[in-house]
Each structure stands twice: as structure tokens, then as C-alpha cells.
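Chain and residue survey
Residue-level listing of the chains:
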Amino acid sequence: MHTRRDLPRIDWANLMASGVALHALAEVTVLLTQSGGAKLHLPKVERYGGCQHAPAGATQTRHRLAEVYDQICLRCHLALPAAQHAAWMAAAMLDQKIRRSARDFAEAERPAASWLTYARLADVVDDRDVEDFAALCKLAAGKPLASDIAALRAGWSALRERRAGRLAAYAARCPAPIQYASAADAAKAGATSQARRDCDQIERCVGTLEEHDMYRPRASLWTVVSHAWQKVRAQDAPASAARAAALAAAEVHLSHAQVRDVNLLPLPPAFDGVGFHSPAAWAAAELFDWWQRAVVGACRTLEEALSEPAAPSAKRRLLLIADWPLTSASHVAFAFLAACDRHGPLVPAKVRRGWWNAPSPHDTSDRAAYACVVAVPEELATRALALAADRPGLLTAAGTVGAGKPRKADVQALLRTAFPILPGDFAAPAPAPTSTVLRNRRARRRELTRFGQDYFTGLRPYALADELSTGRYAFVPGGRQSLATLAELSDYLRAPLRFDLECPAPPGAADTAVLAAVFGELSGIDPQADTFTLRPTGGHAPIVVPASALIGIGGAGQPLPGRHWGDPQDLVWAPLDDAGQADDALDEAELEELVLQRRARLHVLT
């Protein structure tokens, strides 16, 4: 089914059932014409362009958009006034969130609850959705749509309250976090045991071990057994119940397995061969006895690795999670962290990629990977760090905190290790570039001069944008190079870029500012405010940066220390080295900029 790209569809019955009545928005009308068929079209304004099926010179009539939305031709571009468009987008967003929340919670009504499902349910509405919805409502605020905007805001608040209540009820059905973490830790410890090797030997015997590849993903016998055992033990059930669940799961997993190589059967054999009508029947009996003993041995190994949970403590630790939200299957061991108290904002962390460097949907979540800080009980933090030990950089621990709210400075210091820019850092930008920015700009200009800067002076904007995207040219502010110059290239910039910035130091910190290379796309320029907007790579939220903090812009493929040309760019940011105590004398570009400023000042005076 094809859908519109300009204005999404709104399920008015769904909104009414949720108590959201939008009377003014339902009365919005558009001017349409009708051809010989049943489709409606927007009138053709010009001879060329527009929908090819729109009749020329036909009678134009007004229709309520809510009533004839499905009858409008998909090739016609619907355009509403700014306020009505924003209100329509906000209503469509609320409608989509209500339907998705109802669908996800209906699918989650299963006998066994899991923390991974909880994390996915909690990701239905995140911080970015809240900000986007608030921005749309603010843009649509006005007298004609005031009642509808109030209804939309009330519906959004009611949706979040319902979600919070249903999430709390679902969390109560999930295993206790400490039991869950203890069982996951035991399963990870048993992955290198002799019991794991015995399970692999069984699969070699039946010829299924070689079938585990990227094109035919299939769980191994050890994975099936350990997951079944872990699922039952996480519910604080006895060891006998976990062993029975593991045996049942293994029986299903090996229901169609046949012995391919009798040389791999264990010695001495369990049966002497008497009473079997064929060698295949004897081999099947040997296999049945073998895998049962192996599964019982695996459960015994897991029970030995299972440690008693530590006594609950009032102390908590701050953990930095560098892959939020925890909605991927790889997060199943520590997905219980999604229920912990989160402090501070979300900041960009990394790029999620799948096969062939394509953006990864990451199971049910197509969100970007952010970093956040959560306060976790000390015993749970220790378990989580042990479970994530094979994934460096995923979890970072800080000092202990009490039962109260942690200090804002501690949270921000932990977040800055993941990304150097926090919301509000550029709220009061410096009116002029600092000496560090000027020094590094001079160093960048000297590099460009060495590589033939004169070659780029006569290029057209589209050619210069191509040179900038590929990394052969760099934009360095100063002289005639200003944001107005960059605005001429912005229409041709499509590839990711590298923004060298001076990130402000934390308030009250004695350390100097941090130099960082942020990778992303240029999404907007405001020459009047002397700011530009960059969107970090990976689909993260945009950041408004003042021009005084910009050192230079280059191609994202420019190699950083330890990297080479052609490497896939999966970084969101990287630290930059200061140019050092270089010559502080004004270079040619700065002298030219000073002359231009004085000429402008004289022009104002005269």
C-alpha cells in the first residue's frame, strides 16, 4: 500500500476513542479538482510541473481534507499553511504513538515477561519524540487552533501516563534484577566450560555445527540449553524445574537430528547393540542417552557457576551506557538497566551499522545509539559490568552515590566522556573566536596552502562542495570565508562532513576547552545569528553551534590518527590535538578580515 510523503494519514476514530477531539483541524479545507476518474487532484498552477493526471481548466471546489484524504491523488503535493501543517503533523504523531503503544503492549501480554521486552516497550516514546511534539505544538499555537493544540497536549500527557502505569505493571512481572543478572552471569561463565564443549561435540556428531553461518542463523545446543535454564532460574525457580526446562528445549532442538558420524559417539557405548533392529536404531539410542547426560551435566555446571546474590545495599553507582536504548538482542543479559533511574540528557554515542556498513535496524529499534547515565544499585552494577566485559566501552562506572539524586556535575562529567557537547553548552557563545580557535585556524590554512589552496579559488560552488565532501578542500573561517560563503555550498553538500570545533569547558572547571572533530551533516545555516546546525552521523538530534567555535570543516573521510583513507566512518566524534604554541601573528586571511571589518565600519559612519 502506497502512502503519502507530504502529509501522513490520521486515524480520526482512534484519536476520538482516546479522548482527543480536533474540531478545528477536521474543518481544514483544500482546493481540489476532479478528473474523469474517482481521484481528486490539486489544481495545476503552471503549465509544466505538478501531477500529470491533474486536469487543466477543471472546476475547482473546496473539500474538507479529513474527509477526502484517501481520495486525493498520491502524485499531488499537499501543502497547508505553516500552523495547520504543524498541527496536522502533531496529530499524526500522536495517532501513530497511540496505535504503536497499544499494539506493543498487546503483543507483550505473554505468560513470561522479559527485561528486553520491557526496554523495547519503554522506547515507544523517547526524549526526542517529546521534543519534536512540543516543537510542533509551539509552531501551531494560535487562536484558530488553540483548542486543538490543548487537546493534543492533553492527549500526549494521558498517553505518557498510561504508558508509565502499564510499564510499571509489566516490570512487576519481570524477574528480579539481581536474580536475572546472577543467572545471566552464570550462563556467561559456563560458556567456556567442558559442558559447552560436550554440547558442541554432539552437534558435530549430528552434523549441525557446520550449519551455523550468517546466512542460516541457528542457535547452538548450548545456547538453547543455557537460555532455557537461565529463563527459569531468573524467576527464582528451583534447580529441578530449570533442568526439566533445559531437557525439554534440547529435545525439541534435536528432534530431527540423526547420527552422521558414529566415530564421534562417546566411549564406552551405553548399549551393547543387543535388541536393535539396525545400526541406525542403536546410534539413535546412543545419541539420546548422550545428549540427556550432556544436558544434565550442563545444568550442573550452570548451577555451580550460579552465585548467591549479594545483600541489598543502599549505595548506588553511576553507569554510563554507550548504546541506548537497550533494545537489541545483544543487550538481553543486562536489559534490566532500562528500568533504572536515568539522570541527565541523552548525548550521541555511536553509529549503529549492520551488514555491508548499512544502518542497522537493531531488532525493533531504528533509533540512533545514544549515551545516558543511570543510577544502579551497587550489586547490580557489579553484575552488569561483568556481563558487558567482552564489549569494551559499552558500560563505564563512576563513583558511588547515596539513595538521593546524584550531583549534576558528576552526571555531566560522565556524559562528556561519551560526547564533548552537552545541551546548553553553546547557550551563551563567545562573541569572538578564542586564541585557541585562531591558532588552529592558522594551522589549517597553512596545510591548505601547502596542498595548493590557489587551485580552489576559481571553482564554482558545486565543484567546491564536491572537493569539500571528498576531503581535498577544507572550509576555514576567516577573511572572505564566512557562513554566508558556506551557505552557497550547503545546497550541494550531501556527504558526511567533519566539523573541527572548540567545545566549551564545564562551568566552573579550571581545565581549558576541548578540541573535537564531530562527524555529521550540515543541516542549516543562520548567517544573521552567526550559527550553523550540524546533525551528528547516525541520525542523532541536531546541534546548533556558533561560528566562533568552528575551526574548520572538511570531508568525513579525512583520516584521523590510527586510521587510513577509505575506512568506513563509524565515529561520531574524535579528540583533536591542539596546534600548539604556533606563531600568533595575523595571517593573510585574518588581515583581510580585519580590513573588511574596518571598511564596513567606515561605511556605517559615512
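Residues numbered from 1 in each chain as written. Predicted model: local features only at pLDDT ≥ 70, side-chain atom pairs only at ≥ 80, totals over all residues. Heavy atoms only, no water.

A closer look at helix α10 (residues 221–233)
Look at α10: 18 Å from first C-alpha to last across 13 residues, which is about the 18 Å you get at 1.5 Å a residue. Counting buried residues along α10, 10 of its 13 residues qualify, which places the element largely inside the surrounding structure. Among all positions of α10, only Leu-221, Trp-222, Val-224, Val-225, Ser-226, Ala-228, Trp-229, Gln-230, Val-232 and Arg-233 are buried. Where the residues of α10 are buried, they touch α8 (177–189), α9 (194–206), α11 (239–253) and α12 (279–305). (Helix = DSSP H or I, 4+ residues; strand = E, 2+ residues; numbered from the N terminus. Expected span 1.5 Å × (residues − 1). Buried < 20%, exposed > 50% of the residue type's maximum accessible area, 1.4 Å probe, protein only. Contact = heavy atoms within 4.5 Å.)

Quick notes on the nonpolar core
Counting residues in each nonpolar core, the largest one holds 65 residues, and the members touching the most others are Phe-334, Phe-336 and Leu-337. Broken down by element, the residue count for this core peaks at 8 residues, all from α12. Discounting residues that sit within four places of it in the chain, Leu-337 has contacts with Leu-319, Ile-321, Trp-324, Leu-326, Val-374, Val-376, Ala-384 and Leu-395. In this structure, Val-347, Ala-349, Phe-532 and Ile-543 belong to the second largest nonpolar core, which totals 43 residues. (Core = buried A, V, L, I, M, F, W, Y, C linked by side-chain atoms within 4.5 Å.)

Here we look at the packing of helix α4 (residues 82–107) against helix α7 (residues 146–173)
The geometry of a pair of packed helices is captured by two quantities: the angle between their axes and the separation between those axes. In the contact formed by α4 and α7, the axes pass within 11 Å of each other and the chain directions differ by 20°. The pairing of α4 with α7 is recorded here as roughly parallel in orientation. Crossing of α4 over α7 shows left-handed handedness. Contact residues: Ala-87, Ala-90, Ala-91, Met-93, Leu-94, Lys-97, Ile-98, Ser-101 and Phe-105 in α4; Ile-149, Leu-152, Gly-155, Trp-156, Leu-159, Arg-162, Arg-163, Arg-166 and Leu-167 in α7. Of the residues in the contact of α4 with α7, the class split is 12 nonpolar, 2 polar and 4 charged. (Axes fitted to C-alpha atoms, helices over the stretch in contact; angles between N-to-C directions. Parallel < 35°, antiparallel > 145°, perpendicular 65-115°, else oblique. Left-handed = near helix turned anticlockwise from the far one by under 90°. Nonpolar A, V, L, I, M, F, W, Y, C, P; charged D, E, K, R; others polar.)

Things to note about the confidence of the model for the chain
Confidence along the chain averages 81 in pLDDT terms, with 81% of residues attaining 70 or more. The low-confidence segment residues 355–366, where pLDDT is below 50, has 27 contacts with residues more than four positions distant or belonging to other chains. (pLDDT = per-residue confidence, 0-100.)

Regarding the packing of aromatic side chains
Following the criterion strictly, the structure yields 9 aromatic pairs and no others. Measuring from centroid to centroid gives 5.8 Å for Trp-12 and Trp-88, while their planes differ by 75°, and the two rings are edge-to-face. One end of the pair, Trp-12, is in helix α1 (residues 12–17); the other, Trp-88, is in helix α4, with 76 residues separating them in the sequence. Among the residues examined, Trp-12 registers a relative accessible area of 21% and is labelled partly exposed. (Phe/Tyr/Trp six-rings, centres within 6.5 Å; stacked < 30°, edge-to-face > 60°.)

Quick word on the packing of α9 against α12
Contact pair α9 / α12: the axes reach a minimum separation of 9 Å and the direction vectors enclose 155°. Between α9 and α12, the angle falls in the class roughly antiparallel. Where α9 crosses over α12, the two elements pack in a sense that is left-handed. Residues Ala-195, Gln-201, Ile-202, Cys-205 and Val-206 of α9 lie in contact with α12, whose contacting residues are Leu-287, Trp-290, Trp-291, Ala-294, Gly-297, Ala-298 and Thr-301. When grouped by side-chain class, the residues that make up the contact of α9 with α12 number 9 nonpolar, 3 polar and no charged.

Considering the environment of Leu-501
Mapping Leu-501 onto the fold places it in strand β8 (residues 497–503). Along the backbone, Leu-501 and Val-518 are 17 residues apart, and their C-alpha atoms lie at a distance of 7.4 Å. Among all residues touching Leu-501, those that are not within four sequence positions of it are Ile-421, Val-514, Leu-515, Ala-516, Val-518, Phe-532, Leu-534, Val-545, Ala-549, Leu-550 and Ile-551.

Topic: the sheet that holds strand β1 (residues 29–34)
Hydrogen bonds between backbone groups are what pair the strands of a sheet, and the pairing can be parallel or antiparallel. As summarised here, the arrangement of the 3 strands in space is β2-β1-β3, forming an open sheet in which the pairing is antiparallel. The sheet terminates laterally at β2 (40–41) and β3 (61–64), the two strands that pair on one side only. Bridge count for β1 against β2 is 2 bridges, and the pairing is antiparallel. Note on β2: the bridge partner recorded for Gln-34 is Leu-40. (Pairing = 2+ DSSP bridges.)

Points about unusual backbone geometry
Looking along the chain, the bond that leaves Leu-267 and enters Pro-268 is cis, with omega of -5°. You can see Pro-268 is positioned in the loop between α11 and α12. With omega at 10°, the peptide bond leading from Trp-324 into Pro-325 counts as cis. Backbone geometry at Asp-236 places phi at a positive 65°, although glycine is not the residue there. Following the sequence through the fold, Asp-236 ends up in the loop between α10 and α11.

A short note on the pattern of salt bridges
Applying the stated criterion across every chain, the model contains 20 salt bridges. Ionic pairing is found between Asp-185 and Arg-383, a salt bridge with its closest N-O pair at 3.3 Å. One end of the pair, Asp-185, is in helix α8; the other, Arg-383, is in helix α13 (residues 378–387), and 198 residues separate them in sequence. For Arg-383, a relative accessible area of 12% gives the class buried. Of the charged contacts, one joins Lys-350 and Asp-323 as a salt bridge, the two residues approaching to 3.4 Å between their closest N and O atoms. Within this pair, whereas Lys-350 is found in strand β5 (residues 341–350), its partner Asp-323 is found in strand β4 (residues 316–324), the two being separated by 27 residues in sequence. Taking relative accessible area as the criterion, Lys-350 reaches 30% and is therefore assigned partly exposed. (Salt bridge = Lys/Arg side-chain N within 4 Å of Asp/Glu carboxyl O.)

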